[in-house]
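# Survey of secondary and tertiary structure
The lines below spell out each chain.
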Amino acid sequence: MNIAICDDESRVRTGIRNVLKEAFPGTEIREFVSGQELLEAAGQDYLPDIVLMDIAMNGMDGMETARKLRERYQVLLIFVTGVKEQVFQAFDVGAFHYLLKPVEKEKLLSVMERAFAEVEKAGAKPKYMLVKVPGGHRRINAADILYAESDGRKVILHMKQENLEFYEKMEELEQRLGEGFYRCHRGYLVSLSEVRGYDKANIRMSNGETVYLAKRKYSEFVQTYCRYLQE
């Protein structure tokens with residue numbers, strides 16, 4: 001389990017780290033003094049399972065950092081802060097929990113045990129892939145993909161926060177994504193975890209959009225989707 005502690009107060013970071021190291025000796029813990037530092041590390045292929053973060057920090061605050069993390073990555077976020085007035089904003093950015101300073105050791109450990117269970121329940125380590133975009137490459141979390149659409153020589157990834165276009169054949173993308181995705185039409189590839197319903201001609205996705213389902217694919221899709229739900 002990888003844990004990031006993001007706080008501009010050294011004594012707070014050290015205190016949390018010591019408690020976690022004693023209680024969970026197998027964890028990997030990294031400390032960050034600012035939200036910007038954490039985001040830069042995430043952009044260089046470091047991504048923790050759990051982030052414990054203050055809200056009131058020098059430079060980029062915890063709320064803004066959380067929003068930027070949510071745009072690209074899937075992490076479990078716990079705010080550890082003295083700013084109790086922002087509890088509702090914390091849950092707007094999908095925070096798992098909100099702890100007030102000074103944090104009691106027993107409370108911290110209780111929340112972390114639940115957080116560990118939540119991460120493990122979510123499944124195996126998140127699956128990432130690199131796509132070529134103007135100016136370089138970008139890392140994509142497969143869990144953020146709703147469906148892919150073929151558009152000539154390009155692929156359009158319809159994601160939870162944005163759409164992303166890049167050059168790739170649909171066949172190649174299908175192979176790279178592998179299990180958990182289904183080619184329901186020659187022009188569409190859907191994430192089975194984001195399917196919310198279907199009929200003989202369309203698949204309804206979690207964002208309310210519909211994707212074409214080829215008539216010849218209907219029976220195979222139903223079998224694949226039912227098998228996916230049972231696993």
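All values derive from a computational prediction rather than experimental measurement.

### Digging into the overall build of the chain
When helices and strands are counted, the chain shows 7 helices and 15 strands. If you line up the chain on its principal axes, its C-alpha atoms span 60 × 40 × 35 Å. Scored against the burial criterion, the 231 residues of the chain give a buried share of 46%. Surface exposure of the chain reaches about 12800 Å², of which carbon and sulfur atoms provide 46%. Across the chain, the mean location of the 34 positive side-chain charges is 5 Å away from that of the 36 negative side-chain charges.

### Examining the sheet that holds strand 11 (residues 181–185)
Read from one edge of the open sheet, 5 strands run 10-9-8-12-11, paired in antiparallel fashion. Strands at the two margins of the open sheet, each flanked by one partner only, are strand 10 (163–167) and strand 11. Strand-to-strand, the axes of this sheet are offset by a mean angle of 20 degrees, without reference to chain direction. Examined bridge by bridge, strand 8 (residues 145–151) and strand 12 (residues 188–191) share 3 bridges and lie antiparallel to one another. Its bridge partner lying in strand 12, Ala148 is registered against Leu189.

### What about the confidence of the model for the chain?
Per-residue pLDDT for the chain has a mean of 89; in total, 97% of the residues score no lower than 70. No element of the chain has a lower mean pLDDT than helix 4 (residues 87–92), at 72, and none a higher one than strand 15 (residues 210–212), at 97.

### As for the nonpolar core
Grouped together as the largest cluster of nonpolar side chains are 25 residues, with contacts concentrated most on Phe32, Leu38, Val51, Met53, Leu77 and Phe79. At the level of elements, strand 1 (2–6), helix 2 (35–42), strand 3 (50–53), helix 3 (62–72) and strand 4 (76–81) are the ones that each hand at least two residues to this core. Sorting elements by how many residues they give to this core places helix 2 first, with 4 residues. With 21 residues, the next largest nonpolar core counts Ile5, Ile29, Leu76 and Ala115 among its residues.

### Some points on the side chain of His97
Along the chain, His97 falls in strand 5 (residues 97–100). Classification of His97 as buried rests on a relative accessible area of 15%. If near-sequence neighbours (up to four positions away) are discounted, His97 is found in contact with Leu77, Ile78, Phe79, Phe91, Lys107, Val111 and Arg114.

### Quick word on the packing of helix 1 (residues 10–23) against helix 5 (residues 105–121)
In a packed pair of helices, the relevant descriptors are the angle between the two axes and the axis-to-axis distance. Orientation of helix 1 relative to helix 5, taken along the N-to-C sense of each, is 60 degrees, at an axis distance of 11 Å. The angle between helix 1 and helix 5 falls in the class oblique. Between helix 1 and helix 5 lies a crossing of right-handed hand. From helix 1, Ile16, Val19, Leu20, Glu22 and Ala23 reach across to helix 5, where they touch Lys105, Leu108, Leu109 and Met112. Per-class residue counts for the contact of helix 1 with helix 5 are 7 nonpolar, no polar and 2 charged.

### Considerations on helix 7 (residues 218–230)
The terminal C-alpha atoms of helix 7 lie 19 Å apart, and with 13 residues this matches the ideal 18 Å at 1.5 Å per residue to within 8%. Listing the buried residues of helix 7 in full gives Phe221, Val222, Thr224 and Tyr225.

Definitions and cut-offs
- Residues numbered from 1 in each chain as written.
- Predicted model: local features only at pLDDT ≥ 70, side-chain atom pairs only at ≥ 80, totals over all residues.
- Heavy atoms only, no water.
- Helix = DSSP H or I, 4+ residues; strand = E, 2+ residues; numbered from the N terminus.
- Buried < 20%, exposed > 50% of the residue type's maximum accessible area, 1.4 Å probe, protein only.
- Areas by Shrake-Rupley, 256 points an atom, 1.4 Å probe, with all protein chains shown as cover.
- Lys, Arg positive; Asp, Glu negative; His and termini not counted.
- Charge placed at Lys NZ, Arg CZ, Asp CG, Glu CD.
- Pairing = 2+ DSSP bridges.
- Axes fitted to C-alpha atoms, helices over the stretch in contact; angles between N-to-C directions.
- pLDDT = per-residue confidence, 0-100.
- Core = buried A, V, L, I, M, F, W, Y, C linked by side-chain atoms within 4.5 Å.
- Contact = heavy atoms within 4.5 Å.
- Parallel < 35°, antiparallel > 145°, perpendicular 65-115°, else oblique.
- Left-handed = near helix turned anticlockwise from the far one by under 90°.
- Nonpolar A, V, L, I, M, F, W, Y, C, P; charged D, E, K, R; others polar.
- Expected span 1.5 Å × (residues − 1).

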